[in-house]
Amino acid sequence: HCERFNILYAKWKGSNNKYMKPSIDHIVSKAKGGDNSLENLQFLTWFENRSKNDLSQEDWDKLKQNIGDYLINV
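Here the structure is a predicted model, which is why all the values come from computation and not from measurement.

## Structural notes on helix α1 (residues 3-15)
Then comes step 1: Helix length check: α1 (13 residues) gives 19 Å between terminal C-alpha atoms against 18 Å at 1.5 Å per residue, within 8%.
Then comes step 2: Looking one or two places after α1, you find N16, whose phi comes out positive at around 55°.

## Some thoughts on the side chain of S29
Then comes step 1: Mapped onto the secondary structure, S29 falls in the loop between β1 (22-26) and β2 (41-45).
Then comes step 2: Residue class for S29 comes out buried when judged on its relative accessible area of 9%.
Then comes step 3: Beyond its immediate stretch of four places on either side in the chain, S29 contacts G34 and D54.

## Topic: the pattern of salt bridges
Then comes step 1: According to the stated counting rule, one finds four salt bridges in the structure shown.
Then comes step 2: Close ionic contact of D25 with K52 constitutes a salt bridge, the shortest N to O distance being 3.0 Å. Residue D25 is located in strand β1, and its partner K52 is located in helix α2 (residues 46-52); the two are separated by 27 residues in the primary sequence. Residues D25 and K52 agree in their burial class; the two are buried.
Then comes step 3: A salt bridge links K64 to D61; the shortest N-O distance between them is 3.9 Å. A residue pair is termed a helical-turn pair when its members lie 3 or 4 positions apart in one helix, as K64 and D61 do in helix α3 (residues 57-65) at three residues.
Then comes step 4: Put simply, E48, D61 and K64 are held in one network by salt bridges that share partners.

Rules of the game
Residues numbered from 1 in each chain as written. Predicted model: local features only at pLDDT ≥ 70, side-chain atom pairs only at ≥ 80, totals over all residues. Heavy atoms only, no water. Helix = DSSP H or I, 4+ residues; strand = E, 2+ residues; numbered from the N terminus. Expected span 1.5 Å × (residues − 1). Buried < 20%, exposed > 50% of the residue type's maximum accessible area, 1.4 Å probe, protein only. Contact = heavy atoms within 4.5 Å. Salt bridge = Lys/Arg side-chain N within 4 Å of Asp/Glu carboxyl O.

Take a look at the structure:
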(Lines give C-alpha, C1' and ligand atoms only; values in the text may rest on other atoms or scores of the structure.)
Protein backbone atom coordinates (compact mmCIF):
# COMPACT_ATOMS: atom_id res chain seq x y z
CA HIS A 1 0.00 0.00 0.00
CA CYS A 2 2.95 2.32 -0.64
CA GLU A 3 1.99 5.13 -3.03
CA ARG A 4 5.57 5.61 -4.25
CA PHE A 5 5.92 1.90 -5.00
CA ASN A 6 2.59 1.85 -6.84
CA ILE A 7 3.69 4.77 -9.04
CA LEU A 8 7.05 3.15 -9.83
CA TYR A 9 5.44 -0.24 -10.45
CA ALA A 10 2.83 1.22 -12.84
CA LYS A 11 5.54 3.06 -14.81
CA TRP A 12 7.65 -0.09 -15.02
CA LYS A 13 4.77 -2.38 -16.00
CA GLY A 14 3.65 0.09 -18.64
CA SER A 15 7.10 0.21 -20.22
CA ASN A 16 8.58 -3.18 -19.23
CA ASN A 17 11.91 -1.32 -19.10
CA LYS A 18 14.31 -3.12 -16.74
CA TYR A 19 15.85 0.19 -15.62
CA MET A 20 12.45 1.37 -14.34
CA LYS A 21 11.88 -1.71 -12.16
CA PRO A 22 11.15 -0.77 -8.52
CA SER A 23 14.09 -1.34 -6.20
CA ILE A 24 14.58 -0.98 -2.46
CA ASP A 25 17.26 1.54 -1.49
CA HIS A 26 18.93 2.19 1.84
CA ILE A 27 18.62 5.93 2.51
CA VAL A 28 21.82 5.68 4.58
CA SER A 29 23.84 2.97 2.86
CA LYS A 30 24.88 -0.07 4.84
CA ALA A 31 28.47 0.81 3.92
CA LYS A 32 28.00 4.06 5.85
CA GLY A 33 26.31 2.52 8.89
CA GLY A 34 22.70 2.31 7.68
CA ASP A 35 20.48 -0.58 8.69
CA ASN A 36 17.50 -2.50 7.32
CA SER A 37 14.89 -0.65 9.37
CA LEU A 38 11.81 0.53 7.49
CA GLU A 39 12.72 4.12 8.29
CA ASN A 40 15.97 3.67 6.33
CA LEU A 41 14.40 2.12 3.23
CA GLN A 42 12.80 3.75 0.20
CA PHE A 43 11.67 2.70 -3.25
CA LEU A 44 13.64 3.95 -6.24
CA THR A 45 13.89 2.75 -9.81
CA TRP A 46 16.62 0.17 -10.37
CA PHE A 47 18.58 2.75 -12.38
CA GLU A 48 18.31 5.40 -9.68
CA ASN A 49 19.31 2.93 -6.95
CA ARG A 50 22.41 1.83 -8.89
CA SER A 51 23.31 5.44 -9.65
CA LYS A 52 22.87 6.61 -6.04
CA ASN A 53 25.22 3.86 -4.86
CA ASP A 54 26.40 4.92 -1.38
CA LEU A 55 25.85 8.67 -1.68
CA SER A 56 24.03 10.35 1.17
CA GLN A 57 20.42 11.23 0.42
CA GLU A 58 21.33 14.93 0.61
CA ASP A 59 24.19 14.55 -1.91
CA TRP A 60 22.00 12.43 -4.19
CA ASP A 61 19.19 15.00 -4.16
CA LYS A 62 21.69 17.77 -5.03
CA LEU A 63 23.18 15.70 -7.86
CA LYS A 64 19.72 14.99 -9.31
CA GLN A 65 18.89 18.70 -9.37
CA ASN A 66 21.91 19.28 -11.63
CA ILE A 67 22.03 15.94 -13.45
CA GLY A 68 22.39 17.65 -16.84
CA ASP A 69 25.79 18.97 -15.76
CA TYR A 70 27.08 15.40 -15.57
CA LEU A 71 25.71 14.21 -18.93
CA ILE A 72 27.27 14.94 -22.29
CA ASN A 73 24.22 14.81 -24.57
CA VAL A 74 21.45 16.52 -22.65
